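Spelled out from the first residue to the last, the chains are:
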Amino acid sequence: MSQVLPTGLTAGATVAASSANLGPGFDSLGLAVGLYDEIIVETTESGLVVEVEGEGAGQVPSGPDHLVVQAIQRGLAATGLRAEGLIVRCRNVIPHSRGLGSSAAAVVGGLAAVNGLAVQLNTTVMDERTLVQLSSEFEGHPDNAAAAVLGGAIVSWTDAGECPTYEAAVIGVHPDIHLFAAIPAVRSSTAETRVLLPEQVSHQAARFNLSRAALLVVALTERPDLLMAATEDVLHQPQRAAAMPASAEYLSVLRRCGVAAVLSGAGPAVMALSTQPELPAEALESGAAHGFTVRKMNVGEGVRWSPKVAARA
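Quantities reported herein were computed from a predicted structural model and do not represent experimental measurements.

Engineer: Explain the environment of Val-15 to me, please; I cannot follow it from the model alone.
Structural biologist: Checked against the element boundaries, Val-15 lands in strand 2 (residues 10-20). Val-15 gets classed as buried once you look at its relative accessible area, which sits at 0%. Measuring from C-alpha to C-alpha, the distance between Val-15 and Ser-188 comes to 22 Å, with 173 residues separating the pair along the chain. Val-15 has contacts with Leu-35, Tyr-36, Asp-37, Ile-94, Ala-105, Val-108, Gly-109, Ala-148 and Val-303, leaving out every residue within four places of it along the chain.

Here is the structure:
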């Protein structure tokens, strides 16, 4: 039987954006980047209030269909808890529908906020492995979700079955690698771009991406000079190009300038990994011309959660 949370408890979570695939690592490689959403949850006597500031304000659902609320309910069930009422405050910085893991961040943040409530009742909290599993169940693949949970760069995998198991391991990011996110004003849906991908691929294409994904682990951790070759891909970026021509063109411009650039997840944002602390002037000028805001990023930290002082007496 679930334990009912007393009213007046509050908890918060801070969760990073993420970039999935990184070129060849389709649905397996991910990288947390330094844009953070904050979620604050308060227990009340009854009802549900959802307040959203920043990205998505006035656009995302404000009831039980809100992704953060769904994640909170899943986390409460996992920890044997129940809330009679909730106020959920979301302070969003991560752009929505750009390929920067906003949905994964919402889920991970909601789950982690439950830990902040559970710890106040001395209830066992969800560990990182559980957070990866539950958040990946929402996503259907663990790359963004695991990066948001663990921080840094991750390699993730799925043990398929009736109830898939999602796992991930953190790999170090070489200190000489600098990250730049090129974020367009236009949006794109992962579901819409995923249908552009073929059901089957050739052995030649699979072999190419396997070699590049393996090389990318080496490039990220030990040999940044290999990033250009390591970020090549033939399985998903060329197929998505027609749906996001500005992103495809800017990706080509960056690579012609010698910058290892990839679609961030399903796009349309582009992520650049460079061994130089700044992008070439030509690349910056082209980004502005193609409608991108280019921002230098730090590698993101793993999700953080904590109890907070009650918002109301």
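Engineer: Is there a simple way to explain helix 9 (residues 245-256) in this structure?
Structural biologist: Count 3.6 residues to each turn of an α-helix, and residues three or four apart come out pointing the same way. Relative to the 16 Å expected for 12 residues at 1.5 Å per residue, helix 9 spans 16 Å between its end C-alpha atoms, a close match to the ideal helical length. Regarding helix 9, the residues found buried are Ser-247, Tyr-250, Leu-251, Val-253 and Leu-254. The buried residues of helix 9 occupy an angular sector of 160 degrees when projected down its axis, which confines them to one face. Exposed residues pointing more than 90 degrees away from the buried face of helix 9 are listed as Pro-245 and Arg-256. Looking at the packing, one finds that the buried side of helix 9 touches strand 9 (178-184), helix 8 (237-240), strand 10 (260-263), strand 11 (270-274), helix 10 (281-289) and strand 12 (292-297).

Quick notes on the rules
- Residues take numbers from 1 onward in each chain, read along the sequence in its written order.
- In keeping with the model being predicted, local features are shown solely for residues with a pLDDT of at least 70 and side-chain atom pairs are shown and tallied solely at 80 or more, while totals for entire chains, interfaces and linings include all residues.
- Side-chain figures throughout are based on the complete set of non-hydrogen atoms in the structure, without hydrogens or water.
- The numbering of helices and of strands both runs from the N terminus, where a helix is a DSSP run of H or I of at least 4 residues and a strand a run of E of at least 2.
- Per-residue accessibility, obtained with a 1.4 Å probe over protein chains only, is compared with the maximum for each type, and a residue is labelled buried under 20%, exposed over 50%, and partly exposed between these values.
- Residue contacts follow a heavy-atom distance rule, with two residues in contact if any of their heavy atoms lie within 4.5 Å.
- Expected span of a helix, by definition, is 1.5 Å for each gap between consecutive residues, and there is one gap fewer than residues.
- Each C-beta atom gives one direction from the helix axis, and the arc is the one those directions make.

By themselves these figures say nothing about function.
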